Each structure stands twice: as structure tokens, then as C-alpha cells.
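Spelled out from the first residue to the last, the chains are:
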Amino acid sequence: ATQRHRVDRTVVALLTSVFCSATAVLTGVTALGLHVFDLTGRELDLGLLGLAEFAPALLLVLVTGSVADRFDRRRLTSLACATAALCGVGLALYAASDPTAVGPIFLLVVAFGVARAFLAPASRSLPADAVPPERLHWLVARASAASQCGFIVGPLLGGFLYDSSPVASYV
């Protein structure tokens, strides 16, 4: 009973983390797009913003998987999430300064992309560490559902928060 209780708490924590992470990322991405477009009025900058977030994952693809295999995935996930959160704080501080340039936003997005590049392989393997092999399919399905819920809630939340204040959407 004690082992089952521990596994259940771990599963709840993991599913909550998956939902919150997906929601936060999509909230921020929505706010970033709105913010950059409000600053520049150029659609091209939205594409460049996506490239700035994706390029680190592409460039680090051979490194991040081996790092996730060699180090404690929980610590790596925590470190990557903390780094992503610091990028969010940086974006909030920059938004609060009434910015006129997008350069600092792009630099913070690249740093965020690096954090996400390390987060992806480490966090995707966590379900296998949380439950016995016979329950893995059960957990993966629920983690996917939690992530999809975050993908729905995030942009909605991002739009509402950005409408009230760009700073709030990054926080």
C-alpha cells in the first residue's frame, strides 16, 4: 500500500507538471507572438521568432539525448524548467520596461529554446521511471491528454493575460 501510494503521488505530480508546463509554454508563445507583432507589425518576425525557438533544438539534437541518458532526468528536467522560467522572468522584466526593440526578446527566446532542447528528451522519459512497465501505456495516454489540455488552455490564457498586460502573460 505504501509503494502504491508513492507511485500515485508521483503520477499526480507528473501529470500536473505536464499540464502546467504545456500551458505555460503555450501561454508564453502566444504572448511572444502578440508582443513581437505589436512592436514591429511584421509577420516575418513571427516566423523568425519560431526559428529562434526551434534552432537550438535542431543544433543540439545530438547532444541533448545523450545528456538525458547520462544524467539524472529529474534534475535535468528541473534545471531546464528553471532556466525556461528565468527566461520568462527576463521577458516579463523587458516587457515592463516599455520596449521598442525586439532584439532582446529574440535572445531570450534562443535561451528558452536551449532550455526546451534539453527538457524534451529528459522529460519524455520520466513516465518510464514513474510506473512499472505494465502501467506505462496507461500513464503515457494520460500524460498526452494532460499535454493536449495545456495546448488548449495555454493560448487562451496567453491571449487574455496579454490583453491585460504583456508582463502578466510572461509571469
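Note on numbering: residues in each chain are counted from 1, in written sequence order. Given that the model is predicted, a residue must reach a pLDDT of at least 70 before its local features are reported, and side-chain atom pairs must reach 80 or more before they are shown or counted; all residues, however, enter totals for whole chains, interfaces and linings. Only hydrogens and water are set aside when side-chain values are computed; all heavy atoms of the structure are taken into account.

Enquirer: Looking at this structure, how should I read the packing of aromatic side chains?
Expert: Ring pairs (aromatic) are described by centroid distance and by the angle formed between their planes. Stacked, tilted and edge-to-face are the three classes assigned to paired rings of Phe, Tyr and Trp, where Trp is represented by its six-membered ring and a pair needs centres within 6.5 Å; plane angles under 30 degrees give stacked, over 60 edge-to-face, the rest tilted. Enumeration over the complete set of coordinates arrives at zero aromatic pairs. In this structure, Arg-135 is placed above the aromatic ring of Trp-138, and the distance from its NZ or CZ to the ring centre is 4.4 Å. Whether a charge sits over a ring depends on NZ of Lys or CZ of Arg being within 6 Å of the ring centre and within 35 degrees of the ring normal.

Enquirer: I tried to follow the layout of surface pockets on my own but got confused; where do I start?
Expert: Estimates place the volume of the largest pocket at around 1200 Å³. The pocket and cavity definitions rest on a 1 Å grid over protein atoms only: a 1.4 Å probe that fits but cannot leave marks a cavity, an open set with protein on both sides within 12 Å along at least five of seven lines marks a pocket, and residues lining either have an atom within 4 Å of a point. Val-18, Leu-119, Ala-120, Ser-123 and Arg-124 are, among the 38 residues lining the largest pocket, the residues nearest its centre. Going through the elements one at a time, α1 (2-40), α2 (43-70), α3 (73-96), α4 (103-124), α5 (126-130) and α6 (136-164) are the ones with two or more residues in the lining of the largest pocket. Each helix corresponds to a stretch of at least 4 residues labelled H or I by DSSP, and each strand to a stretch of at least 2 residues labelled E; elements are numbered beginning at the N terminus. For the lining of the largest pocket, the leading source of residues is α1, giving eleven residues. Among the residues forming the lining of the largest pocket, the class breakdown is 22 nonpolar, ten polar and six charged. Taken as a whole, the second largest pocket encloses approximately 500 Å³ of empty space. If you go around the second largest pocket, you meet 25 residues; those closest to its centre are Ala-24, Val-25, Ala-84, Ala-85 and Phe-112. Of all the secondary structure elements, the ones that give two or more residues to the lining of the second largest pocket are α1, α3, α4, α6 and α7 (166-170). For the lining of the second largest pocket, the element with the most residues is α1, which contributes nine residues. Grid points are joined across faces, edges and corners, and a volume is the space filled by probe spheres set on the points. Three residue categories are used. Nonpolar comprises Ala, Val, Leu, Ile, Met, Phe, Trp, Tyr, Cys and Pro, charged comprises Asp, Glu, Lys and Arg, and polar comprises the others, including Gly.

Enquirer: So what exactly am I meant to see when it comes to the nonpolar core here?
Expert: Residues belong to one nonpolar core when they are buried, are Ala, Val, Leu, Ile, Met, Phe, Trp, Tyr or Cys, and are joined through side-chain atoms within 4.5 Å. Buried residues are those whose accessible area, probed at 1.4 Å on protein chains only, stays under 20% of the maximum for their type, while exposed residues exceed 50% and partly exposed ones sit between those limits. The biggest cluster of nonpolar side chains holds 15 residues, and the ones touching the most others in it are Leu-32, Leu-49, Ile-105, Val-109 and Tyr-170. Looking at this core, the elements with two or more residues in it are α1, α2, α3 and α4. In terms of residues, this core owes the most to one element, α3, which gives four residues. When residues no more than four places from it in sequence are discounted, the contact partners of Val-109 are Leu-32, Leu-49, Ala-52 and Glu-53. When checking whether two residues touch, look at their non-hydrogen atoms; a contact exists if any pair is within 4.5 Å.

Everything listed is a geometric property; what it means functionally is a separate question.
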